Amino acid sequence: MGWRDLLDEAVGQVDATGHLLKGVALQPVAGLAGGSRAISALLRGEGLDAATRKGAETVEAYEGLGGGPYTDVGRARLEGLGQNIKKGGEWATQNVPGVSQASNAWDQYAQSNPGVAAAGLGLLDVGPAGRGKKAAAAAEKAAARISEKAAQSAKTTLRQDVEAAAAAATPEAPYIQTSSTTTGNLLPRGQGMYDPSTPQKALSRIGREGQFTPRMEALMENPRAKKALDTLIAKGFEINPELADWYGTYPLKQAFSNEWGGDDQWRRFLAQMGSPSQRNPVPQQNRMGSVLWNWDVQGRLADPKVRLLTNKLREQGVTEGPGALALPEGYGSLAQTAIFDRAAQMAQGVPLEQVLDYKKKLGSFDENLAGNMHPVTVDVNATKAPVMMSEDPAWLKTLLVEKDDSGKVTGKHTPRADYASGKLSMADALKRPGLWANAPEGSEYAGLERMWQDASRRSGVEPAQGQALGWYGSADISALKSPPEQYIQNIERLVRERAAATGKRPMEVLTDFLRGKGHLAVGGGAAAALAGALQEEEKGMQ
């Protein structure tokens, strides 16, 4: 019986998983890998048709590449163990007991040791946090029905392999470059997305909890607002369940540590990369942050008198030099001066807690990127979505000033007064996100944070994960322009774009970026067009 037949006969999530595991364990790697991807899709609720199609794609990809575990799932697993994909078959032969004695290496080993092989290709580690936890649990239960001993052996073997690979990593070969320059992971995934040593803690907030403004009290009790958060998180799951791990930077930290070592440098790097999130979509944020990190490492921000070279300074006759630094063409933003000033302060040794306000957005964003999932980054999207869905006019702006690209005022509006006078209807107000509050005021931050924390727990994820999912789930409400990808996936994409623009290898670009010897900006053109197209209400995740 082929695995397509197994899928067709399978009924119910856990039963389908067990049925598939039993069937694919009897097949060589092509079927095992195809079943693995099919199970992942099935457990994420994508349905039998989608699962069958994705499984077929994996089998076809494997058969086109030849022997060895060259599948998407197998590749990710081997990369996570710190092994080069090109040597996957050789690694299995040398390191997995029993493979070297098999005439057909991995295929025969997969058939005789299905539990370990299934884990090696991802069958026992399915999905992200939240819904993925339930998926993984279902997979483990099904595997246990096949062979409890094999499943336990698989987990033990994988853990040992991960530890051995981590111990063997060197500054010369800290992570893996795939055989492709356009796909696959440049950063390791095998040890998870979050640093287990990061303390999970609440951050201090303005005011005392429970003493909120009247509009905040009303929002917290508004059933439409509560339902909105649940809906947005669910929509984020539908877009891509892996977005729950948007803040997972542990793979980036592993690569960074091989270049630098030490948590202080890592936190400064994260802060330089995260600070430009103010009024920037994620790709623009990371490109600008990479330039600031480069300037920091090169000592170009060390002078307390250093300034960002703006158009206003150019009009005054100031030219670029040691005391006046210009961002690459197309990477300016409405908040560029504030971003630059923070970067300079951090480069000059000012403690992060004095540069970033950990009572509000930027500090919370920094903590989330470091792996603390308890605080919530209550950014523009996290504010606009619930307040707009509440339809409470108290959250309309009292004054909206519109400006063109040069900063010239083009119009002024008074949304709240216009609504009170009947000039503005609620239906029209809901069509324009810019009319609504961009951010909470004072103690309102703590109130919105609590709402997101409660909604995240109802959805089975951590608070920061719920906010990340809701961020993408609210894209149609807030005119979001950032693509649906994890933070480190965006880093990897920008690395490849920079590599294509410079003719360098992706891993060379990545290493230079982490060391502060290069950056991820690609100059004008598309970047300049993107910056010019930003709407007033478009912001990054900060």
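Predicted model, so just to flag it, every value in this text is computed and none were measured.

Draft legend 1. Geometry of the overall build of the protein. Looking only at helices and strands, the protein features 27 helices and four strands. Within the span of the protein, comprising 542 residues, buried residues form 53% of the whole. Total accessible area on the protein is roughly 23100 Å²; 49% of this is exposed by carbon and sulfur atoms.

Draft legend 2. Fine view of the packing of aromatic side chains. In total, this model carries 15 aromatic pairs according to the counting rule given. A centroid spacing of 6.0 Å and a plane angle of 50 degrees characterise the contact between Phe256 and Trp293, whose relative ring orientation is tilted. Of this pair, Phe256 sits in helix H12 (residues 250–259) while Trp293 sits in helix H14 (residues 282–297), placing them 37 residues apart in sequence. Trp293 matches Phe256 in its accessibility class, with the two residues each being buried. A network of ring pairs unites the aromatic residues Trp246, Tyr247, Phe365, Trp471, Tyr472 and Tyr487 as a single cluster.

Draft legend 3. Structural context of the nonpolar core. Ranked by internal contacts, the top residues of the largest apolar core, which has 68 residues, are Trp246, Phe269 and Trp436. In this structure, Trp436 is in contact with Lys384, Val387, Met388, Glu391, Asp392, Trp395, Leu396, Lys397, Met426, Ala429 and Leu430, ignoring residues within four places of it in sequence. Counting 17 residues, the second-largest nonpolar core is a separate cluster that includes Leu292, Leu308, Ile339 and Ala343.

Draft legend 4. Structural view of the confidence of the model for the protein. Taken residue by residue, the protein gives an average pLDDT of 73. The fraction at 70 or more is 60%. Counting contacts from residues 62–92, a segment whose pLDDT is below 50, to residues more than four positions away or on other chains yields 67 contacts. This model gives residues 524–542 a pLDDT under 50, and the stretch forms 62 contacts once residues within four places in sequence are excluded.

Draft legend 5. Inspection of unusual backbone geometry at higher detail. Of note in the backbone geometry, Arg279 takes a positive phi value of approximately 60 degrees without being a glycine. Locating Arg279 in the fold gives a position in the loop between helix H13 (263–274) and H14. Taking the relative accessible area as the measure of exposure, Arg279 reaches 25% and is therefore partly exposed.

Draft legend 6. Looking closely at the environment of His519. On the secondary structure map, His519 appears in the loop between helix H26 (506–515) and helix H27 (526–533). The residues contacting His519, other than those within four sequence positions of it, are Ser290, Val291 and Arg498. At 3.2 Å, the side chain of His519 forms a polar contact with the backbone nitrogen of Ala521.

Draft legend 7. Highlighting the pattern of salt bridges. A full pass over the atoms with the stated rule returns 18 salt bridges. For the salt bridge of Asp428 with Lys431, the shortest nitrogen-to-oxygen distance reads 3.8 Å. Judged by relative accessible area, Lys431 falls into the exposed class, the value being 64%. Connected via shared salt-bridge partners are Arg287, Glu485, Arg493 and Glu497.

What counts and how
- Residues numbered from 1 in each chain as written.
- Predicted model: local features only at pLDDT ≥ 70, side-chain atom pairs only at ≥ 80, totals over all residues.
- Heavy atoms only, no water.
- Helix = DSSP H or I, 4+ residues; strand = E, 2+ residues; numbered from the N terminus.
- Buried < 20%, exposed > 50% of the residue type's maximum accessible area, 1.4 Å probe, protein only.
- Areas by Shrake-Rupley, 256 points an atom, 1.4 Å probe, with all protein chains shown as cover.
- Phe/Tyr/Trp six-rings, centres within 6.5 Å; stacked < 30°, edge-to-face > 60°.
- Core = buried A, V, L, I, M, F, W, Y, C linked by side-chain atoms within 4.5 Å.
- Contact = heavy atoms within 4.5 Å.
- pLDDT = per-residue confidence, 0-100.
- Polar contact = N/O pair within 3.5 Å; in protein donor to acceptor, adjacent residues only side chain to side chain.
- Salt bridge = Lys/Arg side-chain N within 4 Å of Asp/Glu carboxyl O.

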